[in-house]
Amino acid sequence: MGFGFTWRNWICSCISHAHFSVLVNGVPGANFRSSRGLRLGDPLYPFLFTIVMEGFCRMIAKAEENGRLSGFKVTLVGPVVSHLLFADDTLLFSADKAQSLLTIREILTCFELVAGLSINLMKRTTISIGATTHDEVVENFLGCALEELRFKYLGMPAWAYKCKKIWDPVVESVEKRLEEWKRRIGKYKLGILHKVANGRKIRFWVDRWIGEEALKDKFPNLYEVTRKQGSWISELAKNNSEERISRDLDFKIRLTDLEINEAATLSHLLEGTVLSNGEDTRRWSWESSGVFSVKSCYKGLAKNSGIIFPSTQIWKRSVPTKVSFFVWLIHHNAILTQNNLKKKGWKLANRCILCKSNEETIDHLFIHCPEMYDVWMFFMKEFHRDWVISESATNLFIEQQARGLTENGRTIWELLPFAFVWGVWKQRNKCIFQDSEYSQEILIRKIKALLLYWTSTTISFRGITYQNLHYN
């Protein structure tokens, strides 16, 4: 395909020098080299696969030029479609002719020989559209049985374009997702405040343009009986001779006493509101400048959500970014402990690698494990503190009381949970993947080394060595 000798050598070097090992019951086996190209997940895989499939497409195009293969036209003036590619799936289209089917077989055989890729017979399917006369050719030469058009592709029925009921499960699934997105977008809109000028770009009932909430939420009974729920302000209101807004809300029924009271309150609210010839504008109410920012949006959405996230305690300047992200994963119960791996469908014996007695969860690994309790007590004695075991690992970064400590002592006290969980996680992985023995002494030295390294850039810690590092 025209690739140079040097480039081909680079690719061959990347493929031939890779080593792999297989986890058996959580224990890595011996390393071995790949002898059949790339594995799935390799960064080079999608690029090289695309190049290889380009050669396959050219083989099909050549067969079309020679008249040995014919596809179909979607429209009378549209192009001829002979094949479609999606990810690692290939769809070939052919007329009901023995010559075309034999050509497909020859192309597949040549492709296997040239590319070194074998086609999975278990995943190969031939589907007939309408009446066919060469079923024996399909079974004998393509090596797969002929099936009907009723099949699903990517979870979607590929044959039910005229049967609406078949799509009901798909519609229900999409509606559930849309409800969640509508809820999120509704919270986001709370931060948008509209400023009325000519009223042509602001919806009277839906947008928040007067007061702290939309009129449909403030006057729900009036909103239910109006015929103009989605209308613009300019369609429902106009300036009268007294330079005030007069409204045409067009109610469907005669108003009840409750609705009359709401209408009176609405009329009082709109007093003093005047339309002008300018353009409507919007401002972000959660920022004093009126300009949108991701930070203010996040704070606004999380304000009434009931979620407590210790952002100021987690994102610290002296802590490496990867460690802060690790702590963020702890807060969301997302690190791959054995308990979380089982939730993802892994079949393994859930047992803590350190104490070898209890199940490995995030809270157990960093707090409740007897081995970790001893390490915590060591550092608490260094700080001259009495420690009460926290209920969860996330509390380690929230319940930080540094009273009675020096400035350096407070710095180390705040960094201790970060160094502790990072050191424990590295030690735990070493025990699992390198078959090493757990050592409390090594873990304590590792945590102290991390604390010293992270504070080394601070002026007050300059000249302090590992031996004379004090905690209080």
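Student: Explain the pattern of salt bridges to me, and be specific about the residues and the numbers.
Tutor: In this structure the tally under the stated criterion is seven salt bridges. Of the charged contacts, one joins E54 and R58 as a salt bridge, the two residues approaching to 3.4 Å between their closest N and O atoms. Highlighted residues: E54 and R58, both in helix α2 (residues 45-65), separated by four residues, approximately one helical turn. Where E441 meets R445, a salt bridge forms, and the shortest distance between an N and an O atom there is 3.1 Å. Taken together, the positions of E441 and R445, both in helix α17 (residues 440-455) and four residues apart, correspond to about one turn of that helix. Classification of R445 as partly exposed rests on a relative accessible area of 40%.

Student: Which residues make up empty space enclosed by the protein, and what are the values?
Tutor: Under the criterion given, the structure shown has three cavities of 30 Å³ or more. In this structure, the largest cavity occupies an estimated 40 Å³ of space. Along its surface, the largest cavity is lined by F56, I60, L69, S82, L92, F93, I104 and I107. For the lining of the largest cavity, the elements supplying multiple residues, two or more each, are α2 and α3 (98-115). Classifying every residue of the lining of the largest cavity gives seven nonpolar, one polar and no charged.

Student: Just give me the short version of the packing of helix α15 (residues 370-382) against helix α16 (residues 407-433), but keep the residues and values in it.
Tutor: Across the interface, α15 lies against α16 with an axial gap of 12 Å and an inter-helix angle of 155°. Put simply, α15 runs roughly antiparallel to α16. The way α15 lies across α16 gives a crossing that is right-handed. Across the interface between the two elements, M372, V375, W376, F379 and M380 from α15 touch W413, L416, P417, F420 and V424 from α16. Among the residues making up the contact of α15 with α16, the classes are represented as 10 nonpolar, no polar and no charged.

Student: Tell me about α15, and name the residues and values.
Tutor: Look at α15: 19 Å from first C-alpha to last across 13 residues, which is about the 18 Å you get at 1.5 Å a residue. M372, V375, W376, F379 and M380 are the residues of α15 that are buried. Seen from one end, α15 has its buried residues packed into an arc of 140°, which puts them on one side. Looking at the packing, one finds that the buried side of α15 touches α14 (362-368), α16 and α17. Positive phi shows up at H384, right after α15, with a value of about 60°.

Student: A description of unusual backbone geometry should follow, citing residues and the corresponding values.
Tutor: One non-glycine residue with positive phi stands out, namely N333, at about 55°. Structurally, N333 is set in the loop between α12 (321-331) and α13 (338-343). The backbone phi angle of K356 is positive, close to 60°, even though this residue is not glycine. Following the sequence through the fold, K356 ends up in the loop between α13 and α14.

Student: Kindly report on the pairing of strand β7 (residues 83-86), identifying the contributing residues and their values.
Tutor: Two faces make up the sheet, and in a regular strand the side chains alternate between them. The pairing of β7 with strand β8 (residues 89-92) spans four bridges and is antiparallel. Looking across to β8, one finds that H83 is bridged to L92. The loop that links β7 with its antiparallel partner β8 comprises two residues; one of these, A87, has a positive phi angle of about 55°.

Student: Kindly report on a positive patch on the surface, identifying the contributing residues and their values.
Tutor: Side chains of K322, K426, K430 and K446 sit close together on the surface and give a patch of like positive charge. Relative to the assigned elements, K446 resides in helix α17.

Student: Give a detailed account of α3, specifying residues and quantitative values.
Tutor: Across its 18 residues, α3 extends 26 Å between first and last C-alpha, which sits within 8% of the 26 Å expected from 1.5 Å per residue. All of the buried residues along α3 are S100, L101, T103, I104, I107, L108 and F111. Down the axis of α3, the smallest arc covering the buried residues is 155°, so these residues share one side. Positive backbone phi, at 75°, marks G116, one or two positions downstream of α3.

Cut-off values and rules
- Residues numbered from 1 in each chain as written.
- Predicted model: local features only at pLDDT ≥ 70, side-chain atom pairs only at ≥ 80, totals over all residues.
- Heavy atoms only, no water.
- Salt bridge = Lys/Arg side-chain N within 4 Å of Asp/Glu carboxyl O.
- Helix = DSSP H or I, 4+ residues; strand = E, 2+ residues; numbered from the N terminus.
- Buried < 20%, exposed > 50% of the residue type's maximum accessible area, 1.4 Å probe, protein only.
- 1 Å grid on protein atoms, 1.4 Å probe; cavity = no way out; pocket = protein on both sides within 12 Å on 5 of 7 lines; lining within 4 Å.
- Points joined across faces, edges and corners; volume = space filled by probe spheres on them.
- Nonpolar A, V, L, I, M, F, W, Y, C, P; charged D, E, K, R; others polar.
- Axes fitted to C-alpha atoms, helices over the stretch in contact; angles between N-to-C directions.
- Parallel < 35°, antiparallel > 145°, perpendicular 65-115°, else oblique.
- Left-handed = near helix turned anticlockwise from the far one by under 90°.
- Contact = heavy atoms within 4.5 Å.
- Expected span 1.5 Å × (residues − 1).
- Arc of directions from axis to C-beta.
- Pairing = 2+ DSSP bridges.
- Patch = residues over 30% accessible without salt bridge, like charges linked within 9 Å, V, L, I, M, F, W, Y side chains within 5 Å.
- Areas by Shrake-Rupley, 256 points an atom, 1.4 Å probe, with all protein chains shown as cover.
- Lys, Arg positive; Asp, Glu negative; His and termini not counted.
- Charge placed at Lys NZ, Arg CZ, Asp CG, Glu CD.

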